[in-house]
Amino acid sequence: MGLPIDLVAGFSPRSDPAEVICRAGEVVRAAPTSHRLRRDLEKLAFQPAASCDGFRAAADSGQEPIRAVRVQATSGAYWTGPGDGGCLDLLAQLADAIPQARIMASVERRHLNAFEARAAGWANARSRATIIAENLPVAQWAQDNGKSGRDRQGEPVLVVPRYASRGELGAVFVPGETFLADGLAAAGVRVVQSPLLFQGGNIIVVEEGQSGRCTILVGEAEIWRNTALGLSKDQAAEWFRVEFGADRCIVLPAASFHLDFEVTIRTMPTRVVAFVADAPAAARIILECGISAMASGGTMSVAEADRARGHLAGGRLRECLSRVAIALGGAAIGPGRFSEAFAAQFSAGPGDHGPSNLYRVLLALDLLSALHGGPGEYPTDPNVRAYLETFAHQEADRRLLHRRLKDAGYEIVLTPSLAEPFRGINAINGLHSPSSFLMPAYGGLFAPLDAAAGAVIRAALSSDVRVQEIACAETQRRSGALRCAISVFPTA
């Protein structure tokens, strides 16, 4: 029946734990023992222990140099070619950005030869790259199926979840990402399996400067995942704190699919900074880029585009949206339908996918319309109203997330970033080291958004911290970015 009887080990019974667990197993076979088992379970005191003794998860807040990374390669070919921002291109850029770091790459066996040939071009590839062949398909998202850190003796450890999963509302079992832990173990990585369900994109570990306090930020979806196993919300949060060796656990609302879409944390000498997604600011920049594209493509006249941009710059959003809507309506070939030729106007060159960029412009229009107009001005169609109301709900969740981070003692820095799966442009899903922040960039038509986000981040960081862009447009089009694809692994 899949009863998680192993979770009984997280409680302290008056009788022998092995006996209680044994009786839990008996319930599957013999119903009459259930009353006795229930009495026993009601006497248990919640007292979880870490799966790895003394484990402390590696911090995501910039204290540790990037000396090793764990990645998952989906193939040995580019999506379109170098510079496309897909999996292989992202890994090649990463290899250049951290030239001394070891790279452990899991790749499906049928792609092995092609991937090895590509990886051979990386600097010092022979000495720094370990390629692990897997029999099952693997997705790009190495962050989600494990959390690295060190044990009590300071040795590197990878703690993996009960099983690797996909989805926000549930936890759909993913075989390839689950069983690749065996390949990592065979390659010399110490792997410890946790009884908890988690996706690493929803977990951020922060070391808070001189105090040395370790805080684990957990997206609420991870809490609900584990209540499905039988834990209470408080029990799940406490078990996460213990499992990852933190001093406190803060549960944050699900403003996006994963927490690392919404926030990245940087510990500074005297403060802790939380860079958080500012979706309305990002939407304005995206809309301005879209207006320029339509002017270049002839969908809007230069004069009309200038007027629309002037309204946008002057805060007259209603007038701007109206002019853009008229231009889009004239270009549509049906309700919500546009030709491929029209979508091509939104490409700034090879690898910059016009239809995907058009999606982002349309999303920016929806978001700004929803937040500017308010429910009283929404269309009467119930489906359209329900869709537009989701933006207001999401912004409310963001405000709550920001308030909780501020209450935790973190300085909030609003950063233009559109934290949406498939249609987002995410500048904060990056990686910190003491000397750098590797920032995901989209490029192409929306390079101005990258520039704006980079300027905000640079202004808040110390002058000795370098912000380096990693182009990952195609990765972002697949509902991820840099941190999603890269798991920093500590070395001994």
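For the structure itself, look to the data block above.
Just so you know, these numbers come straight off a predicted model, no measurement behind them.

Draft legend 1. Expanded view of unusual backbone geometry. The phi dihedral of Asn124 is positive, around 55°, even though this residue is not glycine. Inspection of the secondary structure assignment puts Asn124 in the loop between helix H4 (112–119) and helix H5 (125–128). Of the residues examined, Asn124 reaches a relative accessible area of 45% and is grouped as partly exposed. Despite not being glycine, Phe422 has its phi angle at roughly 70°, a positive value.

Draft legend 2. Region of the structure containing the sheet that holds strand S21 (residues 487–488). Judged by pairing direction, the sheet is mixed, and its 4 strands sit side by side in the order S6-S5-S4-S21 without closing on themselves. Taken across any chain shown, the strands that pair with only one partner, and hence form the sheet edges, are strand S6 (129–134) and S21. Here 6 bridges tie strand S4 (residues 68–73) to strand S5 (residues 102–108), and the two strands are oriented parallel to one another. Bridged to Val71 within S5 is Ala105.

Draft legend 3. Spotlight on the side chain of Ser75. Along the chain, Ser75 turns up in the loop between S4 and helix H3 (87–97). One polar contact links the side chain of Ser75 to the main-chain carbonyl oxygen of Ala77, over a distance of 3.2 Å. Ignoring anything within four residues of it in the chain, the contact list for Ser75 reads Leu88, His111 and Phe115.

Draft legend 4. Representation of a nonpolar patch on the surface within the structure. The grouping of Leu136, Phe173 and Phe179 at the surface amounts to a nonpolar patch, some 280 Å² of accessible area in total. Of note, Leu136 is situated in the loop between S6 and strand S7 (147–150). Relative accessible area serves as the criterion here: at 36%, Leu136 is assigned to the partly exposed category.

Thresholds applied
- Residues numbered from 1 in each chain as written.
- Predicted model: local features only at pLDDT ≥ 70, side-chain atom pairs only at ≥ 80, totals over all residues.
- Heavy atoms only, no water.
- Helix = DSSP H or I, 4+ residues; strand = E, 2+ residues; numbered from the N terminus.
- Buried < 20%, exposed > 50% of the residue type's maximum accessible area, 1.4 Å probe, protein only.
- Pairing = 2+ DSSP bridges.
- Polar contact = N/O pair within 3.5 Å; in protein donor to acceptor, adjacent residues only side chain to side chain.
- Contact = heavy atoms within 4.5 Å.
- Patch = residues over 30% accessible without salt bridge, like charges linked within 9 Å, V, L, I, M, F, W, Y side chains within 5 Å.
- Areas by Shrake-Rupley, 256 points an atom, 1.4 Å probe, with all protein chains shown as cover.
- Salt bridge = Lys/Arg side-chain N within 4 Å of Asp/Glu carboxyl O.

Honestly, that's just the spatial picture; any functional story needs more than this.
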